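Each chain, written out:
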Amino acid sequence: MTSAPEFRDQPSSDDIKAVLRHVFESQIPNYGDYNLVCAVPGGDDAETYYVVGYRWRPAELVFAPFDPETLSGTEAPTAVNSTNLSHTDEVNSGDYEVGTNTGRLFRFRVLSTALLPKNSDGGERRIIEQAGDLEDFSAFLDHFLTLA
């Protein structure tokens, strides 16, 4: 997939967002149609981090998994919309599960401050500030919950 640039100093939230935007945009042809948020693992046994693209019309989520240490894509993104959505549930407060009719499950949580694990160099935890994006994404998820 895509690889992230090396940072000499601790990357800022905007630096990390730019790298994750590249992970998404390098794999999605019409990437300009989507707003992006960083999703951390949510629910039981979830381990995957995602760059989540969402758009209101047509309503769609795109899950682009990434490695939180290297900030690189790990597999091809999956789009979920009215043609393949099997269910959307809020499993716990703020933890969501989206499923496709092929059996694919995405468990995630979007927080105002997303914490990524330390990279392999052992530096500080990387932080993504996305409080401004969370309100719109939460409203979108409320709408998306009604589609299944």
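Residues numbered from 1 in each chain as written. Predicted model: local features only at pLDDT ≥ 70, side-chain atom pairs only at ≥ 80, totals over all residues. Heavy atoms only, no water.

Points about the pattern of salt bridges
To keep things clear, this is the line we draw: Take a side-chain nitrogen of Lys or Arg and a carboxyl oxygen of Asp or Glu: if they are within 4 Å of each other, that pair is a salt bridge. Here a helix means four or more residues in a row that DSSP labels H or I, a strand means two or more in a row labelled E, and each is numbered from the N terminus. Burial classification: accessible surface area is computed with a 1.4 Å probe over protein chains only, and a residue below 20% of its type maximum counts as buried, one above 50% as exposed, and the rest as partly exposed.
Applying the stated rule across the entire model yields six salt bridges. One salt bridge connects Glu25 with Arg21, and the closest N-O pair in it is separated by 3.0 Å. Here Glu25 and its partner Arg21 are both found in helix 1 (residues 13-25), four residues apart, which amounts to about one turn of the helix. Look at Arg21 and you get partly exposed, because its relative accessible area is 35%. One connected set of salt bridges, linked through shared partners, spans Asp33, Arg55 and Glu60.

Re the pairing of strand 10 (residues 126-129)
Put simply, the test is: Two strands are counted as paired when DSSP detects at least two bridges linking them.
Side-chain alternation along strand 10 places Arg126 and Ile128 on a buried face and Ile127 and Glu129 on a face that remains uncovered. Here strand 9 (residues 113-116) runs beside strand 10; their pairing, made up of four bridges, is antiparallel. Opposite Ala114, over in strand 10, you have Ile128 as the bridge partner.

Thoughts on helix 1
Condition: Helix span, as expected, comes to 1.5 Å for every residue beyond the first. Here a residue-residue contact requires only that any non-hydrogen atoms of the pair lie within 4.5 Å.
Between its terminal C-alpha atoms helix 1 stretches 18 Å, which fits the 18 Å expected from 13 residues at 1.5 Å a residue. Where the residues of helix 1 are buried, they touch strand 1 (35-41), strand 2 (49-55), strand 3 (60-67), strand 4 (72-73), strand 9 and strand 10.

Thoughts on the packing of aromatic side chains
What counts, and what does not: Stacked, tilted and edge-to-face pairs are distinguished by plane angle, under 30 degrees for stacked and over 60 for edge-to-face with tilted covering the rest, among Phe, Tyr and Trp rings (Trp via its six-membered ring) whose centres lie within 6.5 Å.
Applying the stated rule across the entire model yields 12 aromatic pairs. Judged by centre distance (5.2 Å) and plane angle (40°), the ring pair of Tyr54 and Phe140 falls under tilted. Taken together, the residues Tyr54 in strand 2 and Phe140 in helix 2 (residues 131-145) connect sequence positions 86 residues apart. Of the residues examined, Tyr54 reaches a relative accessible area of 2% and is grouped as buried. Ring plane angle 5° and centroid distance 4.2 Å describe the contact between Phe63 and Phe106, whose orientation is recorded as stacked. Remark: Phe106 occurs in strand 8 (residues 105-109) and Phe63 occurs in strand 3; sequence separation between them is 43 residues. Feature note: the residues Tyr50, Tyr54, Trp56, Phe63, Tyr96, Phe106, Phe108, Phe137, Phe140 and Phe144 constitute an aromatic cluster, connected by ring pairs.

Concerning helix 2
Working note: α-helix, 3.6 residues per turn, so residues spaced by three or four point in the same direction. Using the following cut-off: This arc is taken over the directions from the axis of the helix to the C-beta atoms.
In this model helix 2 runs 21 Å from its N-terminal to its C-terminal C-alpha over 15 residues, within 8% of the 21 Å that 1.5 Å per residue would give. Along helix 2, the residues that are buried comprise Phe137, Phe140, Leu141 and Phe144. Summarising the axial view, the buried residues of helix 2 lie within an arc of 105°, below the 170-degree limit, and thus occupy one face. In helix 2, the exposed positions that point more than 90 degrees away from the buried face belong to Ala131, Gly132 and Glu135.

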